[in-house]
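Read off the chains here:
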Amino acid sequence: MRNGDKQEWVSALFADSDRGQCSAIKLYGAAQQSVEVCAAVTSGLQVLEILEKGLSPQVLVLDTLLQGPGLGELLWQIGRLDLASRPCILVTAMPCTQKTASRFLTMGADCIIFKPYTMAELFAAVYRCGGSDSAWNSYRVREYLHDMLCEMHYNRRLGGWNYLERILLRTVLESDDYIAKELYQYAADGQHIQPGTVCSALQRINESLRRTGPEGYDRLCRAVNKPAGSRLSNLELIRSLTELIRRAMGR
Amino acid sequence: MNTDNLTDRVWPEKMDSLRGGLKGRLAEDFCVLQGAVDALTRYLDQQAPEPVRSTGLDSLREMNRRIRRLERLADNAADLALGAQLRRLRAPLPMELTGHLRALCACASEELAACDHPLQVIFRDRTQGGLWLEADDNLINSLLANLLSNSARAGADRVELTCTADRRLLYRDNGSGADAAALALLTQGKAEEPFLARGGTGLLLVREYAAALEWKCCPAQQPEKGFAVDFVLPAHCPDPSQLVLADGAKQMECRHAACRRCMQQEFAATLWRE
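Residue numbers restart at each chain and count upward from 1, following the sequence in its written direction. Going through the entries in the order they are written, you letter the chains from A and number the ligands from 1. Totals for whole chains, interfaces and linings use all residues, but because this is a predicted model, local features are given only for residues with pLDDT of at least 70 and pairs of side-chain atoms are given and counted only at 80 or more.

Describing the domain arrangement of chain A
All names here are of chain A. Here chain A is described as being made up of domain 1 (10-131) and domain 2 (135-249). Our contact criterion uses C-beta atoms placed from the backbone: two residues qualify when those atoms are within 7 Å. Each partner contributes residues to the interface: domain 1 has six residues there, and domain 2 has four residues. When its residues are assigned to classes, the side of domain 1 that touches domain 2 shows three nonpolar, two polar and one charged. As annotated, the domain borders come from an automatic or database domain assignment. Side-chain classes follow a simple rule in which Ala, Val, Leu, Ile, Met, Phe, Trp, Tyr, Cys and Pro form the nonpolar group, Asp, Glu, Lys and Arg form the charged group, and the remainder, Gly included, forms the polar group.

This is the structure in structure tokens:
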């Protein structure tokens, strides 16, 4: 299966005693396509009820400040449930000592994320826990692209984003050897569109980025050794984004 | 026997209560605030029609910057308020300083470049074979991050950090220099009220972090253009009973990650453009 043809979902159940945080998790979850927020609840009892009803999320995200029951009791109760598959357990905690962190892990948690974290960091940790290694790499490409284009004030609703994303999944993760025509064809395959449509969409993105994010566009220029203020071709845009995403991923 | 160390020592239970106290509550609240801003940003970006989208996103970006600044200020304020106890939350571990500083300088230069600041941080090793000491790398990161952001704001485009064989760390920049009040605060701990009112808490923190590391802040000959400060580092007296086996590569990876996060937090909060 090609990268980008199908995005792997990770389902997660969140529990945090702060209602504000639960609302933010639901809202953030509704605006992204990688983690399915099965529910965001405020007590340990609700977590147990949901699991007992047969819902089987891949990841459980539990806050250390949960009440009724508290985290230790909850982890013990979850361990006693007869679940079809054991979820990966991610604990959200305030900064603590190595000893306290080790205690969470001994009680049954698989990993810990410390506060304060951003929603992007939390969802990335969830995806890392529940997704496969190859899906994790694709996830990182998508998120870095999202961050970079958002920073340049690009409006995703203008279209073309999906084509660019598919192309970058290939150029970042697979091959260094490509020409523009081949990439347009690659993005158009199976989409009932012509390669020319992809080319036009990338031109629109290119032009929009140059207009809305001049500082970021200069960084893209420098990534392909062109002076700031230059105009990039579509292929140069792809190469510069590939280079910056690879750098961010440490590849 | 050094009785200061004994009185300042924090037992694990007390560490937990401190962490769960001021710093923990701050972390908790910032986390919820940041979560709400992140969720609204993502939602507006993908769902809202223009011009609500762009206006809303501009406001949320501004809120994000303010949160980062407040987070840094709150962190600094908590460090100052909890003083000596918090500084010793992590037991100092033996570390080779030149390797850590080399990585820190490279990381700082990258993060400054990411903020579009021209400041380059250069490390010079004059130790002839490295320099071992017992220290908490988080304190070193925080100390240098504060000094570097001061240099960046003072218009410096070059900082030289030199480690010498006589266990000194020399910090030099080519910015606009420091006034007498700043130097008095840093090297003698004399805090003049008007200076603090102008925002000299960064230097106060540098002095606090240096004290926690048991580094002595010494006045240096000020260059014609720029700012200079020297730190005299304590002797390294390894205690064989405290030796532990550790995964060196993993430890290094953790140190680099902590260093990058510290620099990002400091520069993103202090060097962002209007």
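Comments concerning unusual backbone geometry
Between Gly68(A) and the following residue, Pro69(A), the backbone shows a cis peptide bond with an omega angle of -10°. At the junction of Glu50(B) and Pro51(B), the peptide bond is cis and its omega measures out at 0° in the coordinates. Strands are runs of DSSP state E lasting at least two residues, helices are runs of H or I lasting at least four, and both sets are numbered from the N terminus onward. Mapped onto the secondary structure, Pro51(B) falls in the loop between helix H2 (12-47) and helix H3 (52-87). For His153(A), which is not glycine, the phi dihedral falls at a positive 60°. Relative to the helices and strands, His153(A) resides in the loop between helix H6 (133-151) and helix H7 (161-173).

Thoughts on helix H1 (residues 19-30) of chain A
Residues and elements named next belong to chain A. A helix's residues, less one, multiplied by 1.5 Å, set its expected span. Taking 1.5 Å per residue as the helical rise, H1 with its 12 residues ought to reach 16 Å, and the 17 Å between its terminal C-alpha atoms agrees with that figure. Here exposure depends only on C-beta density: within 10 Å of a residue's C-beta, 20 or more other C-beta atoms make it buried, 12 or fewer make it exposed, and intermediate numbers make it partly exposed, the C-beta atoms being placed from the backbone. For H1, the full list of buried residues reads Gln21, Cys22, Ala24, Ile25, Tyr28 and Gly29. Take H1 and look down its axis: the buried residues cluster within an arc of 160°, on one side only. Note: the arc covers the axis-to-C-beta directions of the helix.

A few points about the environment of Gly129(B)
Here Gly129(B) is to be found in the loop between strand S2 (120-126) and strand S3 (132-135). Remark: the alpha-carbon pair of Gly129(B) and Thr98(B), spanning 31 residues in sequence, is separated by 9.0 Å.

Structural notes on the confidence of the model for chain B
Residue and element names in this part refer to chain B. The quantity known as pLDDT measures the predictor's confidence residue by residue, on a range of 0 to 100. For chain B, mean pLDDT is 80; residues scoring 70 or higher make up 79% of the total. Of all the helices and strands in chain B, helix H1 (residues 3-8) carries the lowest mean pLDDT, 30, while strand S4 (residues 158-164) carries the highest, 95. Within the model, the stretch residues 1-13 combines pLDDT values under 50 with 10 contacts to residues more than four positions away or in other chains. What the predictor reports for the complex is a pTM of 0.72 with an ipTM of 0.78.

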